Amino acid sequence: MKMLIAAVAGGAMLLAGTPALAQTAKPTLGPYGYGKVKLGMSAKRAGATGKITLKWRDRHSACSGWDLKSHPTGKDSVGLYISRKRGVAVIFAGKGMRTPEGIGIGSTMRQVRAAYPKLKTPRGLNAYVRVPGNNKAFYTFFADKGRLEQLSIAVSGQDCVS
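**Q** Residue-level account of the overall build of the protein chain, with values.
**A** Scanning the protein chain for helices and strands turns up four helices and nine strands. Written out in order from the N terminus, the α and β elements of the protein chain read α-α-β-β-α-β-β-β-β-α-β-β-β. Of all 162 residues assigned to the protein chain, the portion counted as buried reaches 35%. Across the protein chain, every contact between residues at least 6 apart in sequence was considered, and the portion connecting residues at least 24 apart equals 43%.

**Q** So what's going on with the state of the cysteines? Residues and values would help.
**A** Under the counting rule described, the total for this entry stands at one disulfide. Note on cysteine connectivity: Cys63 is disulfide-linked to Cys160, with sulfurs 1.9 Å apart. With the S-S bond torsion at -90 degrees, the cross-link from Cys63 to Cys160 turns out left-handed. Of the two residues, Cys63 sits in strand S4 (residues 63-68) while Cys160 sits in the segment after strand S9 (147-155), which places them 97 residues apart along the sequence. The pair formed by Cys63 and Cys160 is uniform in burial state, with each residue classed as buried.

**Q** How would you explain the side chain of Gln158 if you had to name every residue and give the values?
**A** The topology assignment puts Gln158 in the segment after S9. Overall, Gln158 belongs to the buried group, its relative accessible area being 15%. Among the polar contacts made by the side chain of Gln158, one reaches the main-chain carbonyl oxygen of Val161 at a distance of 2.8 Å. Contact partners of Gln158, with chain neighbours within four places excluded, come to Arg86, Ala89 and Val90.

**Q** Could you give an account of the nonpolar core, naming the residues involved and the relevant values?
**A** Of all hydrophobic cores here, the largest spans 29 residues; its most connected members are Val88, Ile91 and Phe141. Elements that contribute at least two residues to this core include exactly S4, strand S5 (80-83), strand S6 (87-92), helix H4 (109-115), strand S7 (127-131), strand S8 (134-144) and S9. Apart from the residues lying within four places of it in its own chain, the contact partners of Ile91 are Leu29, Gly33, Tyr34, Val37, Leu39, Leu68, Gly79, Leu80, Leu151, Ser152 and Ile153. Counting residues in each nonpolar core, the second largest holds nine residues, with Val78, Ala89, Ala154 and Val155 among its members.

**Q** Residue-level account of the packing of aromatic side chains, with values.
**A** Enumeration over the complete set of coordinates arrives at five aromatic pairs. Seen in terms of ring centroids, Trp56 and Tyr81 are 6.2 Å apart; in terms of plane orientation they differ by 70 degrees. Their pairing is edge-to-face. Linking Trp56 in strand S3 (residues 52-57) with Tyr81 in strand S5, this pair joins segments that are 25 residues apart in sequence. Measuring from centroid to centroid gives 5.6 Å for Tyr116 and Tyr139, while their planes differ by 55 degrees, and the two rings are tilted. Of the two residues, Tyr116 sits in the loop between H4 and S7 while Tyr139 sits in strand S8, which places them 23 residues apart along the sequence. Here the aromatic residues Trp56, Tyr81 and Phe92 are joined through ring pairs into a cluster of three or more.

**Q** Tell me about the pairing of S4, residues and numbers included.
**A** Where burial is concerned, most of S4 is hidden: six out of the six residues are buried. Side chains Cys63, Gly65 and Asp67 project from S4 onto one buried face, and the interleaved Ser64, Trp66 and Leu68 project onto a second face that is buried too. In this structure, S3 lies alongside S4, joined through five bridges in antiparallel fashion. Residue Arg57 lies in a different strand from S4, and its bridge partner there is Ser64. Sheet topology note: the S4/S5 ladder contains four bridges and is antiparallel. Across the sheet, residue Trp66 finds its bridge partner in S5, namely Leu80.

What counts as what
Residues numbered from 1 in each chain as written. Predicted model: local features only at pLDDT ≥ 70, side-chain atom pairs only at ≥ 80, totals over all residues. Heavy atoms only, no water. Helix = DSSP H or I, 4+ residues; strand = E, 2+ residues; numbered from the N terminus. Buried < 20%, exposed > 50% of the residue type's maximum accessible area, 1.4 Å probe, protein only. Contact = heavy atoms within 4.5 Å. Disulfide = S-S within 2.5 Å. Polar contact = N/O pair within 3.5 Å; in protein donor to acceptor, adjacent residues only side chain to side chain. Core = buried A, V, L, I, M, F, W, Y, C linked by side-chain atoms within 4.5 Å. Phe/Tyr/Trp six-rings, centres within 6.5 Å; stacked < 30°, edge-to-face > 60°. Pairing = 2+ DSSP bridges.

See the structure below:
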């Protein structure tokens, strides 16, 4: 009897569309962006997702600053940069965001190293690694006292932040 109920329930889920678990799953930061906002998207395409809001634009700058609506930032910061040349160039992690490997703000550098064995840690610079599954992007990890205060995903060759 239990198998029959599971089959009927499974059939109902197929008829109704996406299973409930997929509808409630949180997007991850990577390997191609965050949710519907993908690295490389033009400002127009990214704006059309309805997931971002403009914070500032300067016609003399190569980039504009935006926020993810689901993760707004403070007055003097942005959640992502969109480059005129490269499209969505950098996305910063918001509270609760995680990479597919489970790394997020508050993770330890020990956890980062375990998740990303190819992590590079240049002296005096932030640690970074190519994004698994997307060799055209990289993660940068901003740590203080061994814990992540921030992390970002960026398209290689981005021209918005240094």
